[in-house]
Amino acid sequence: MKKTDIVIIGAGMAGISAAIYLKRANANFVLLEGNLAGGMLNKLKSIENYPGMPKTTGSDILIALMDQLRFNKIDVTYGNVQTILKEGDGFEVVTDVESYDTKAVIVATGVTQAVQTIPGEEKYAGSGVSYCAICDGNFFKGADVAVIGNNNIALEEAIYLGNLAKKLYFICPDEELQGDKNLREKLGNSANIEVKLSSKVEEIVGDDFGVTGVKVNGEILKVAGIFPYVGKKSTSMVLNNLKPEKQGIFIKVDEECCTNIEGLFAAGDIVAKRLKQLVTAAGDGATAATAADNYCKLK
Ligand SMILES: Cc1cc2nc3c(=O)[nH]c(=O)nc-3n(C[C@H](O)[C@H](O)[C@H](O)COP(=O)(O)OP(=O)(O)OC[C@H]3O[C@@H](n4cnc5c(N)ncnc54)[C@H](O)[C@@H]3O)c2cc1C
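Reading guide: rules and limits
Residues numbered from 1 in each chain as written. Predicted model: local features only at pLDDT ≥ 70, side-chain atom pairs only at ≥ 80, totals over all residues. Heavy atoms only, no water. Helix = DSSP H or I, 4+ residues; strand = E, 2+ residues; numbered from the N terminus. Rg over C-alpha atoms; globule rule 2.2 N^0.38 Å. Buried < 20%, exposed > 50% of the residue type's maximum accessible area, 1.4 Å probe, protein only. Contact = heavy atoms within 4.5 Å. Areas by Shrake-Rupley, 256 points an atom, 1.4 Å probe, with all protein chains shown as cover. Lys, Arg positive; Asp, Glu negative; His and termini not counted. Charge placed at Lys NZ, Arg CZ, Asp CG, Glu CD. Axes fitted to C-alpha atoms, helices over the stretch in contact; angles between N-to-C directions. Parallel < 35°, antiparallel > 145°, perpendicular 65-115°, else oblique. Left-handed = near helix turned anticlockwise from the far one by under 90°. Salt bridge = Lys/Arg side-chain N within 4 Å of Asp/Glu carboxyl O. Pairing = 2+ DSSP bridges. Disulfide = S-S within 2.5 Å. Phe/Tyr/Trp six-rings, centres within 6.5 Å; stacked < 30°, edge-to-face > 60°. Lys NZ or Arg CZ within 6 Å of the ring centre and 35° of its normal.

Further remarks concern the overall build of the protein chain. Helix and strand content of the protein chain: six helices and 18 strands. In terms of overall size, the protein chain behaves like a compact globule, its C-alpha atoms giving a radius of gyration of 21 Å where 299 residues would be expected to give roughly 19 Å. The C-alpha extent of the protein chain, read off along each of the three principal axes, is 60 × 35 × 30 Å. Within the span of the protein chain, comprising 299 residues, buried residues form 49% of the whole. Relative to all contacts within the protein chain whose residues are 6 or more apart in sequence, the contacts with residues 24 or more apart total 59%. For the protein chain, the accessible surface area stands at approximately 14800 Å², while carbon and sulfur atoms represent 50% of it. Taking the average place of the 32 positive charges on the side chains of the protein chain and the average place of its 37 negative ones, the gap between the two points comes to 2 Å.

Have a look at this one:
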């Protein structure tokens, strides 16, 4: 078993940002990645809201981050974390390759995107099908759009998009809306949002330019954009043993990115927070790193 002070799990924007801050603080740490370094950055085709980079892509940001890791002599260690065990004052982080004995852990594992299940969804992903209203809503200003789902994320995204779109269909597969009461009320009070209950989405349809509509209960609703929220998967299974406090699938943290378990920190999209973006993931990473470093130095 290898010994270290801090293990960062996940080398997406949050984990990489944490690593940069820890290195500069001269901390002893390991940055673990189970798949592709960069996480979601590998998939983002167009980013227009990252400060200082008016128009960029996930791969451009990732190239710059990998350069910064090299410049700071930070290695990404590959290993998929299977579980984390509480061991005395610290933790044992178990990957499929190696185990680590560590004083603190920063979980920065993001969320796994929902499996694309609607016919046409995969074909039109990025051409009218989007999973992030704040990122892509701007492209649908004044257009008709649809949100598919029945949870807080779907409600929040619909309320946000409702302010941009001409008309929004909220397509709910169930007989009644679920989620927070205030969100359901806000949705109901929006004049341009039509809620369609007990609605089965059969197909997303389009042409060479992208989405043109969605087939619901045999009827085609003409829309230019579709936002399906039919199940983001948590990556917090690695925490099954520790059971930190959660809100839905997300981990609750305080303003220092500390969970309710001493020595366990969380950063990025895995955290229960309103705004899940690159800029907040980077901020969380820096905050969690600083808190974890202070925690280790006081131990
Ligand atoms: C369609 C879409 C468009 C978006 N567009 C924008 C945009 O325009 N602007 C913007 O600011 N944000 C955008 N976002 C949001 C942004 O991508 C995320 O907020 C950000 O990438 C989250 O970073 P993260 O480090 O928390 O997670 P991730 O990038 O998901 O990284 C998590 C990492 O952890 C690794 N991991 C997971 N489990 C394990 C494990 N058990 N062991 C080891 N490693 C593990 C994963 O492989 C991954 O590399 C968009 C999101 C989506 C879905």
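Having seen the structure, we can now continue with the description.
As a further point, take the packing of helix 1 (residues 13-24) against helix 2 (residues 58-71). Interaxial distance between helix 1 and helix 2 falls to 11 Å at its minimum, and their mutual angle equals 25°. Classified by the interaxial angle, the pair formed by helix 1 and helix 2 is roughly parallel. In terms of crossing hand, the pair formed by helix 1 and helix 2 is left-handed. Packed against helix 1, whose contacting residues are Met 13, Ile 16 and Ile 20, the element helix 2 presents Ile 61, Leu 65, Gln 68 and Leu 69 at the interface.

Let us look at the pattern of salt bridges. Considering all chains together, one arrives at 14 salt bridges under this definition. Of the charged contacts in the structure, one is a salt bridge between Arg 274 and Glu 156, with a shortest N-O distance of 3.7 Å. Linking Arg 274 in the loop between strand 18 (264-266) and helix 6 (278-298) with Glu 156 in helix 4 (residues 152-162), this pair joins segments that are 118 residues apart in sequence. Its salt-bridge partner being Lys 252, residue Glu 245 comes within 3.6 Å of it at the nearest N-O pair. Accessibility expressed as a relative area gives 42% for Glu 245, which makes it partly exposed. By sharing partners, the salt bridges in this structure join Asp 89, Glu 262 and Lys 299 into a single network.

A separate point is the sheet that holds strand 10 (residues 193-196). In space, the four strands of this open sheet follow the order 10-9-8-14, with parallel pairing throughout. Bordering the open sheet on either side are strand 10 and strand 14 (225-229), each of which pairs with just one other strand. Each strand of the sheet is rotated relative to its neighbour by a mean of 15°, with strand direction disregarded.

Our focus in this paragraph is the state of the cysteines. Tallying each qualifying case throughout the model produces one disulfide. Each disulfide pairs two cysteine sulfurs, and for Cys 132 the partner residue is Cys 135, the sulfurs being separated by 2.0 Å. The chirality of the disulfide connecting Cys 132 with Cys 135 is right-handed, given an S-S dihedral of about 65°. The buried category is assigned to Cys 132, whose relative accessible area is 19%. Taking the relative accessible area as the measure of exposure, Cys 135 reaches 32% and is therefore partly exposed. Its sulfur unpaired, Cys 257 is 7.6 Å from the next cysteine sulfur, which belongs to Cys 258.

Enumeration according to the criterion identifies two aromatic pairs in this entry. Ring geometry for Phe 140 against Phe 227: centres 5.6 Å apart, planes inclined by 80°, an arrangement best described as edge-to-face. Taken together, the residues span a long stretch of sequence, with Phe 140 in the loop between helix 3 (133-136) and strand 8 (144-149) and Phe 227 in strand 14 at a distance of 87 residues. Using a relative accessible area of 0% as the deciding quantity, one classes Phe 227 as buried. With centroids separated by 6.0 Å and ring planes inclined at 70°, the aromatic side chains of Phe 265 and Tyr 295 adopt a geometry described as edge-to-face. Taken as a pair, Phe 265 in strand 18 and Tyr 295 in helix 6 lie far apart in primary sequence, 30 residues in all. The positively charged end of Lys 276 is found above the aromatic ring belonging to Phe 250, 3.7 Å away from the centroid.

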